[in-house]
Amino acid sequence: MSSELGREVYAEGGNYCMTLGDGVAECRVWRRPDVSREAGAAYAREMVGVFQRVAREPAVRVRGAVMDLREVTVAWGPATDAALGEMFGALEVASRRIAVVSPDNALQMMSLQSLLKAHAPKFGRVFGTPTDAFRWAGSYRQGSG
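How each quantity is defined
Residues numbered from 1 in each chain as written. Predicted model: local features only at pLDDT ≥ 70, side-chain atom pairs only at ≥ 80, totals over all residues. Heavy atoms only, no water. Phe/Tyr/Trp six-rings, centres within 6.5 Å; stacked < 30°, edge-to-face > 60°. Buried < 20%, exposed > 50% of the residue type's maximum accessible area, 1.4 Å probe, protein only. Helix = DSSP H or I, 4+ residues; strand = E, 2+ residues; numbered from the N terminus. Pairing = 2+ DSSP bridges. Contact = heavy atoms within 4.5 Å. pLDDT = per-residue confidence, 0-100. Polar contact = N/O pair within 3.5 Å; in protein donor to acceptor, adjacent residues only side chain to side chain. Salt bridge = Lys/Arg side-chain N within 4 Å of Asp/Glu carboxyl O. Core = buried A, V, L, I, M, F, W, Y, C linked by side-chain atoms within 4.5 Å.

Moving on: the packing of aromatic side chains. Taken as a whole and judged by the stated rule, the model has one aromatic pair. Measuring from centroid to centroid gives 5.7 Å for phenylalanine 127 and tryptophan 136, while their planes differ by 45°, and the two rings are tilted. Judged on exposure class, the residue phenylalanine 127 and its partner tryptophan 136 are both buried.

Printed below as a string of structure tokens:
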């Protein structure tokens, strides 16, 4: 695992990179116009396993997570939607905050808020900027809710 700006590369895939640093896991996801919708959904399924692994990390290593979706496609299908729900749910069950940085699109923001309400009602929130997301995700300490 390499290091970039003090962050350890935890996992990489076809359209995502998960890094760890300062107690926060960051998953950046980007649009891949060169891959099919099915391949994109497969990448999302792969990320479910990564989020499940992150959720099992000791709280001292990962207090929370930031999922940066600012560079994703405008719409995604039901398989990706279900995978996002599983990712959020894995962190919710582990009592880890999940801060989702939404694209500047009202429909996407509403969709993400709905997913978080369903799968991470206590520990999930949507943000417009990475700065606010990191501040919120990293501020959680086990037991302080």
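It is worth spelling out the pairing of strand S3 (residues 16–21) at this point. Buried residues dominate S3, accounting for six of its six residues. The alternating pattern of S3 places Tyr16, Met18 and Leu20 on one face and Cys17, Thr19 and Gly21 on the opposite face, and all of these are buried. Relative to S3, strand S2 (residues 7–12) runs antiparallel, the two sharing four bridges. Along S3, the bridge assignment pairs valine 9 with threonine 19.

Here glutamate 26 is to be found in strand S4 (residues 24–30). In contact with glutamate 26, other than residues within four places in its own chain, are Arg7, Cys17, Met18, Thr19, Val66 and Phe134.

Per-residue confidence for the protein chain averages 90 on the pLDDT scale, and 92% of its residues sit at or above 70. Predicted confidence is poor over residues 140–145, with pLDDT under 50, and the contacts of this stretch with residues over four places away or in other chains come to 10 contacts.

Bringing the environment of arginine 32 into the picture now. Summarising the element assignment, arginine 32 is placed in the loop between S4 and helix H1 (37–56). As for arginine 32 and glycine 14, which are separated by 18 residues in sequence, their C-alpha atoms are 8.3 Å apart. In contact with arginine 32, other than residues within four places in its own chain, are Gly14, Asn15 and Tyr43. A distance of 2.6 Å separates a polar atom in the side chain of arginine 32 from the backbone oxygen of glycine 14.

Pairing of side chains with opposite charge becomes possible as their charged atoms draw close. Applying the stated criterion across every chain yields a total of seven salt bridges. Here arginine 45 ties to glutamate 86 by a salt bridge, and the two come within 2.6 Å at their closest N and O atoms. Within this pair, whereas arginine 45 is found in helix H1, its partner glutamate 86 is found in helix H2 (residues 78–93), the two being separated by 41 residues in sequence. We note a salt bridge from arginine 70 to aspartate 68, for which the minimum N-O separation is 2.6 Å. A relative accessible area of 41% means that arginine 70 is categorised as partly exposed.

Formed by 34 residues in total, the largest nonpolar core has its most connected members in Met18, Val29, Phe51, Met67, Met87, Phe88 and Ile98. When residues of this core are traced back to their parent elements, those giving at least two are S2, S3, S4, H1, strand S5 (64–71), H2, strand S6 (97–101) and helix H3 (106–119). If you tally residues by element for this core, the top one is H1, at seven residues. The contact partners of methionine 87, leaving out residues within four places of it in the chain, are Ala44, Met47, Val48, Phe51 and Met67. Formed by eight residues, the second largest nonpolar core is a distinct cluster that contains Val66, Ala99, Trp136 and Ala137.

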